[in-house]
Amino acid sequence: SYGPHPVTFRTFSFVPPRGTTSITPFAAFHERGVFRGDAIEWSAEVPNENMEWFTNMDIELRLELADRSKLSQASKLQLQHRKVARAEKEIPVLWPKNSWQANAARAAAWDSELELRKAQTK
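Residues numbered from 1 in each chain as written. Predicted model: local features only at pLDDT ≥ 70, side-chain atom pairs only at ≥ 80, totals over all residues. Heavy atoms only, no water.

Student: Would you take a moment to explain the overall build of the protein chain for this structure?
Tutor: Check the secondary structure of the protein chain and you find 4 helices and 4 strands. Secondary structure elements of the protein chain, listed N to C terminal, follow the sequence β-β-β-β-α-α-α-α. Taking 2.2 N^0.38 as the reference for a compact globule, 122 residues should give roughly 14 Å; the C-alpha atoms of the protein chain span a radius of gyration of 33 Å, well beyond that estimate. Summarising its shape, the C-alpha atoms of the protein chain cover approximately 100 × 60 × 25 Å along the three principal directions. Counting over 122 residues, the protein chain shows a buried share of 11%. Within the protein chain, counting contacts between residues at least 6 apart in sequence, those at least 24 apart form 25% of the total. Looking at the protein chain as shown, the accessible area adds up to about 12100 Å², and 56% of this sits on carbon and sulfur atoms. (Helix = DSSP H or I, 4+ residues; strand = E, 2+ residues; numbered from the N terminus. Rg over C-alpha atoms; globule rule 2.2 N^0.38 Å. Buried < 20%, exposed > 50% of the residue type's maximum accessible area, 1.4 Å probe, protein only. Contact = heavy atoms within 4.5 Å. Areas by Shrake-Rupley, 256 points an atom, 1.4 Å probe, with all protein chains shown as cover.)

Student: Would you take a moment to explain the pairing of strand β2 (residues 26-29) for this structure?
Tutor: The side chains of a regular strand alternate, first on one face of the sheet and then on the other. The pairing of β2 with strand β3 (residues 33-36) spans 4 bridges and is antiparallel. Its bridge partner lying in β3, Ala27 is registered against Phe35. (Pairing = 2+ DSSP bridges.)

Student: Help me out: how do you make sense of the side chain of Thr20 in this one?
Tutor: Turning to its location among the elements, Thr20 is positioned in the segment before β1 (22-23). A polar atom in the side chain of Thr20 sits 2.8 Å from the backbone oxygen of Pro17. In this structure Thr20 touches Trp42, Ser43 and Ala44, once residues within four positions along its chain are discounted. (Polar contact = N/O pair within 3.5 Å; in protein donor to acceptor, adjacent residues only side chain to side chain.)

Student: Teacher, can you tell me more about the confidence of the model for the protein chain here?
Tutor: In low-pLDDT segments, the atomic positions of the prediction should not be examined closely. Averaged over all residues, the pLDDT of the protein chain is 82; the fraction at 70 or higher stands at 96%. Confidence scores differ between elements of the protein chain, with helix α1 (residues 52-55) showing the lowest mean pLDDT of 77 and strand β4 (residues 40-41) the highest of 91. (pLDDT = per-residue confidence, 0-100.)

What follows is the structure in structure tokens.
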């Protein structure tokens with residue numbers, strides 16, 4: 001229907017992971033786009049139990065999600081001392097016994113055996 005519609009306003013609040021020093025708020029409007037606010041100072045010592053997975057993240061996942069230049073010294077040391085997994089050798093795929101390739105290979109082997117027997121009996 002045409003005409004005025006009630007305006008809905010939603011806010012979301014959260015506590016960032018431990019170690020966060022600043023938060024930048026954003027506001028999104030349907031017709032006017034997204035506006036970026038000024039950064040807000042945040043205490044790095046405030047804990048958040050729900051974000052502990054981020055604080056204690058594995059170094060491989062941290063490298064995928066974060067910028068290398070912004071890693072902490074502890075993460076950089078952990079990165080230097082990590083071990084790279086050895087590559088596994090790929091096992092070749094063998095033909096199943098009932099495939100046409102296996103049947104052709106068996107027929108060729110039988111033919112060569114038959115020719116050897118004929119040569120031995122002469």
